[in-house]
Structure formats: C-alpha cells, structure tokens
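Spelled out from the first residue to the last, the chains are:
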Amino acid sequence: MSQVKETLPQRGKAGSTMMDSEAHEKRPPMLTSSNQDLSPHIAGVGDMKHYLCGYCAAFNNVAITYPVQKILFRQQLYGIKTRDAVLQLRKDGFRNLYRGILPPLMQKTTTLALMFGLYEDLSRLLHKHVSSAPEFATRSVAALLAGTTEAILTPFERVQTLLQDHKHHDKFTNTYQAFRALRCHGIAEYYRGMVPILFRNGFGNVLFFGLRGPIKERLPTATTYSAHLVNDFICGGVLGAMLGFLSFPINVVKARIQSQIGGPFQSLPMVFKTIWIERDRKLINLFRGAHLNYHRSLISWGIINATYEFLLKIV
Ligand SMILES: NC(=O)c1ccc[n+]([C@@H]2O[C@H](COP(=O)([O-])OP(=O)(O)OC[C@H]3O[C@@H](n4cnc5c(N)ncnc54)[C@H](O)[C@@H]3O)[C@@H](O)[C@H]2O)c1
C-alpha cells in the first residue's frame, strides 16, 4: 500500500512569540491605522475557533484521565499512599469510579475554552490598545486575566471535590443533589476555595503560554501533522508536569478547603499551616500524590495541547 506522505506547507521555525501556535500563520495580517502590517497572530478579535478547540481538547482530556485524577485526589485529601487510594476506590465499587465526572466535564471544557479563547482575544486587544507595552507583558496580563475569568466556574470544581470525597457519599448521590445541598449555606459556599484557584490559574497560565513557544522551538522541526502532534504533546506534557508539580501544594489546600460544607471560611495560609502540622511538617507528606499528579498532568496537558493545536489546523 503506497505510503501517502502527509506534509504540511513548509513553515519557518515556530515563531518566537509566547503563543506560537502554527495556526496563527494562516491568519491574514490586519492593517492598523499606521498601515503597518501587524504580525498575523493579532488579526480578528472574537475568532471563536480557539474557544471551540479548547473545549474539545478539555473534553478529550477529562474523558481519558478522570480515574487517575480521582486516585490522586484521595491522596491529596487524606495524605495516603497510591496503593491505599486505589484500594479505597476499589472498595467504592466500579459504579462509583466515574462518580463526580460531570462537574469537571462541564467545568474543564468551559474553563479551557475560556483559557485559550480569552488568551487569544485579550492578547490581541491589549496589543492593539497598549501597543507601546512589550508583547511579553501584554501576553502575560492576558494569560492572568484568562485564568482569573476561569475562576468564575469554581462552583463546579467545588462540587466535584464533594462528590469525589467518600466522606460525603451518604449526603448526595449526584451533581444536582450536591449543588442543592450547598444552597442553604448561601452563594459564598459555592465559591469556597476560590482564592487558591485564582493563584493556581494565573500562575499556570502565565508560565504555560510564556514557555510554550520557547520549548517548541527547541524540539526537532516538524514537517508533518504527526510530527507536529508529537511535538505539541511533548511541549504540553513537559509544561503540565512541571506546573502540576509546582501547584500541587495549592491544590492540597484547595481540596481541604472545598471538602468542608458550611462553617467559617479559613484563609489559605491558615489551612496550609493546619495541614503542615497534621503532616508532621514533612514535605514528603505534603506532596503525597504529587508523583501521580505529575504523570496525570503530563498526560493531560500533552493531550490538551496536542488536541488544541491539531484542531486549530483543521478547523
Ligand atoms: N497545570 C498546568 O499544567 C496548567 C497549564 C496551563 C494553565 N493552567 C491553569 O491552571 C488551571 C488548572 O489546571 P489543571 O486542571 O491542570 O490543574 P490541576 O491539575 O491542578 O486540576 C485542577 C482541578 O481540575 C480538576 N481536574 C483536572 N484534571 C482533571 C481530570 N483529568 N479529570 C477530572 N478532574 C480534573 C480537579 O478538580 C483538579 O483539582 C487551568 O484551568 C489553567 O487556568 C494549568
């Protein structure tokens, strides 16, 4: 069977800009008032394809990696070993394995659509209206604002935490009941744990979009779709693993804050101090599950980045 060689039009090295998605090169340049062609990646605010590609990339990721995420959640919350977390889930039974997947499917698809789409739109708007500022600065602010906007969907992550915690298995059996159970505590209860999420999202976005381009430039030049897919998986996976590890303590605190229903709202430093003392002031106890999170984030963000970049090329 003849091997049809799928080759992309020859492209230069990926651009040195922070967001070096090859799809930008396809965009027509936009003339500004000074009639200077702006680089192709800042044309057309409101291009919905970045939102759509981010949405599909997230759906693909959650559907594949949810069971792994649940194991590491139990480790974060109870400070137990992977083996014990797996035994806990086996005891819960297979029908409970995907319990709690609806909130992350609804949340991650929306947050990643916002993350990629808003990053694109805000970068263009900021570059257009603050043209004197260096592109690095406008893109970092765009990444930060996109991450902050994602935090609007904290209630979904909050409810997912409650559904994943076997301590609440007897209180509600599905997402709808979990949302209803919080209603009597007021709207603020749905946003319990928002502060660590704001820090995590902003920090993660700035580094992810800031380092994607430089990392991809150091990989072998891709000339086929499959080579681009591999490079994009490696690029996203390396960043996902690194950022997942760095933000792990924030998620440990977030899980503890969000596993509580009602009662006083404790500050991030106060909850961290409580956990630190409980875990004998040992980093190894604080990072219980970090190795699994490292691998899950590597796979998750490899899938997300490769799916996103691939879809951008065909949409
Ligand atoms: N971690 C990174 O590599 C990275 C990269 C770019 C941006 N960010 C920013 O951080 C935010 C969180 O990123 P993240 O989701 O990788 O962080 P994360 O791995 O810390 O997960 C955050 C929460 O999302 C849910 N979740 C994540 N993956 C899941 C899965 N496969 N199945 C079910 N639930 C899942 C869980 O509730 C988890 O506690 C992003 O929305 C973005 O704003 C992070």
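Source: prediction; values computed, not measured. (Residues numbered from 1 in each chain as written. Predicted model: local features only at pLDDT ≥ 70, side-chain atom pairs only at ≥ 80, totals over all residues. Heavy atoms only, no water.)

Trainee: Quick one: what's the story with the nonpolar core, residue by residue and with numbers?
Mentor: Among the nonpolar cores identified, the biggest contains 26 residues, and Met115, Phe116, Phe208 and Phe209 are the most heavily contacted of them. Every element with two or more residues in this core is listed here: helix 1 (49–78), helix 3 (102–129), helix 4 (135–150), helix 7 (194–217), helix 8 (225–246) and helix 12 (290–314). The element that contributes the greatest number of residues to this core is helix 3, accounting for eight residues. Ranked by size, the runner-up nonpolar core spans 15 residues in total, among them Val252, Val271, Ala290 and Leu292. (Core = buried A, V, L, I, M, F, W, Y, C linked by side-chain atoms within 4.5 Å. Buried < 20%, exposed > 50% of the residue type's maximum accessible area, 1.4 Å probe, protein only. Helix = DSSP H or I, 4+ residues; strand = E, 2+ residues; numbered from the N terminus.)

Trainee: An account of the packing of helix 1 against helix 9 (residues 248–258) is requested, with residue identities and associated values reported.
Mentor: Relative to each other, helix 1 and helix 9 sit at 75°, their axes nearing to 8 Å. Between helix 1 and helix 9, the interaxial angle falls into the category roughly perpendicular. Two secondary-structure elements touch here, helix 1 through Leu72, Phe73, Gln76 and Leu77 and helix 9 through Phe248, Asn251, Val252, Ala255 and Arg256. The residue inventory of the contact of helix 1 with helix 9, partitioned by class, reads six nonpolar, two polar and one charged. (Axes fitted to C-alpha atoms, helices over the stretch in contact; angles between N-to-C directions. Parallel < 35°, antiparallel > 145°, perpendicular 65-115°, else oblique. Contact = heavy atoms within 4.5 Å. Nonpolar A, V, L, I, M, F, W, Y, C, P; charged D, E, K, R; others polar.)

Trainee: Please set out empty space enclosed by the protein residue by residue, giving values where relevant.
Mentor: With a probe scaled to a water molecule rolled over the atoms, the places where space remains empty come into view. As enumerated under the stated definition, the model contains three cavities of 30 Å³ or more in all. By volume, the largest cavity amounts to about 800 Å³. Contributing to the lining of the largest cavity are 41 residues, with Lys108, Arg200, Asn251, Arg296 and Trp301 lying nearest its centre. Looking at the lining of the largest cavity, the elements that each hand over two or more residues are helix 1, helix 3, helix 5 (154–164), helix 7, helix 8, helix 9 and helix 12. The biggest single contributor to the lining of the largest cavity is helix 1, with nine residues. Residues that form the lining of the largest cavity fall into these classes: 15 nonpolar, 20 polar and six charged. (1 Å grid on protein atoms, 1.4 Å probe; cavity = no way out; pocket = protein on both sides within 12 Å on 5 of 7 lines; lining within 4 Å. Points joined across faces, edges and corners; volume = space filled by probe spheres on them.)

Trainee: Quick rundown of the UniProt feature "repeat: Solcar" (unreviewed entry) in the protein chain? Include the residues and the values.
Mentor: Summarizing the sequence annotation, UniProt attributes the feature "repeat: Solcar" (unreviewed entry) to residues 45–125, 134–218 and 231–314 in the numbering used throughout. Helix and strand shares over residues 231–314 are 80% and 0% respectively, and the end C-alpha atoms of the span are 17 Å apart. (UniProt positions renumbered as here; feature names shortened; annotations may be inferred.)

Trainee: I'd like to hear about the site of the ligand, residue by residue, with values.
Mentor: Surveying the vicinity of the ligand reveals 23 residues, the closest of which are Thr65, Lys108, Glu150, Asn251 and Arg296. Between the ligand and Glu150, the relevant distance is 2.5 Å, taken from an oxygen atom to a side-chain nitrogen or oxygen of the residue. Protein coverage of the free-state accessible area of the ligand, which is 770 Å², stands at 97%. More than half of the atoms of the ligand fall within 2 Å of the grid points belonging to the largest cavity. Residue composition of the shell around the ligand, by class: eight nonpolar, nine polar and six charged. (Near = heavy atom within 4 Å. Polar contact = N/O pair within 3.5 Å; in protein donor to acceptor, adjacent residues only side chain to side chain. Areas by Shrake-Rupley, 256 points an atom, 1.4 Å probe, with all protein chains shown as cover. Sits in = over half its atoms within 2 Å of the grid points.)

Trainee: So what's going on with helix 4? Residues and values would help.
Mentor: The end-to-end C-alpha distance of helix 4, which contains 16 residues, comes to 22 Å, matching closely the 22 Å that a straight helix rising 1.5 Å per residue would cover. Regarding helix 4, the residues found buried are Thr138, Arg139, Ser140, Ala142, Ala143, Ala146, Gly147 and Glu150. Next to the buried residues of helix 4 lie helix 3, helix 5 and helix 7. (Expected span 1.5 Å × (residues − 1).)

Trainee: Which residues make up helix 1, and what values go with them?
Mentor: A rise of 1.5 Å per residue sets the reference length of helix 1, with its 30 residues, at 44 Å; its end C-alpha atoms lie 40 Å apart and thus fit the reference within 8%. Remark: the principal bend of helix 1, roughly 60°, maps to Thr65, with a proline, Pro67, within the next four residues. Across the 30 residues of helix 1, 21 count as buried, placing the element largely inside the fold. Where helix 1 ends, the next residue or the one after it, Gly79, has phi of about 60°, a positive value. (Bend = angle between axes of the 7 residues up to and from the residue.)

Trainee: Run through the pattern of salt bridges, naming residues and quoting values.
Mentor: Counting across every chain of the model gives 14 salt bridges. Residues Lys254 and Glu157 are paired through a salt bridge, measuring 2.6 Å at the closest nitrogen-oxygen approach. Of this pair, Lys254 sits in helix 9 while Glu157 sits in helix 5, placing them 97 residues apart in sequence. Judged by its relative accessible area of 10%, Lys254 falls in the buried class. Counted as one network, the salt bridges with shared partners bring together Glu120, Asp121 and Arg124. (Salt bridge = Lys/Arg side-chain N within 4 Å of Asp/Glu carboxyl O.)

Trainee: Which residues make up the packing of helix 1 against helix 3, and what values go with them?
Mentor: Closest axis-to-axis distance for the helix 1/helix 3 pair is 7 Å, and the angle between their directions is 145°. Our pair here, helix 1 against helix 3, has a crossing hand that is right-handed. The residue inventory of the contact of helix 1 with helix 3, partitioned by class, reads 13 nonpolar, five polar and four charged. (Left-handed = near helix turned anticlockwise from the far one by under 90°.)

Trainee: So what about unusual backbone geometry? Which residues, and what values?
Mentor: Within the chain, Asp280 stands out as a residue other than glycine whose phi angle is a positive 55°. Residue placement: Asp280 occurs in the loop between helix 10 (268–278) and helix 11 (283–286). Unusually for a residue other than glycine, Arg281 sits at a positive phi of about 55°. By secondary structure assignment, the location of Arg281 is in the loop between helix 10 and helix 11.

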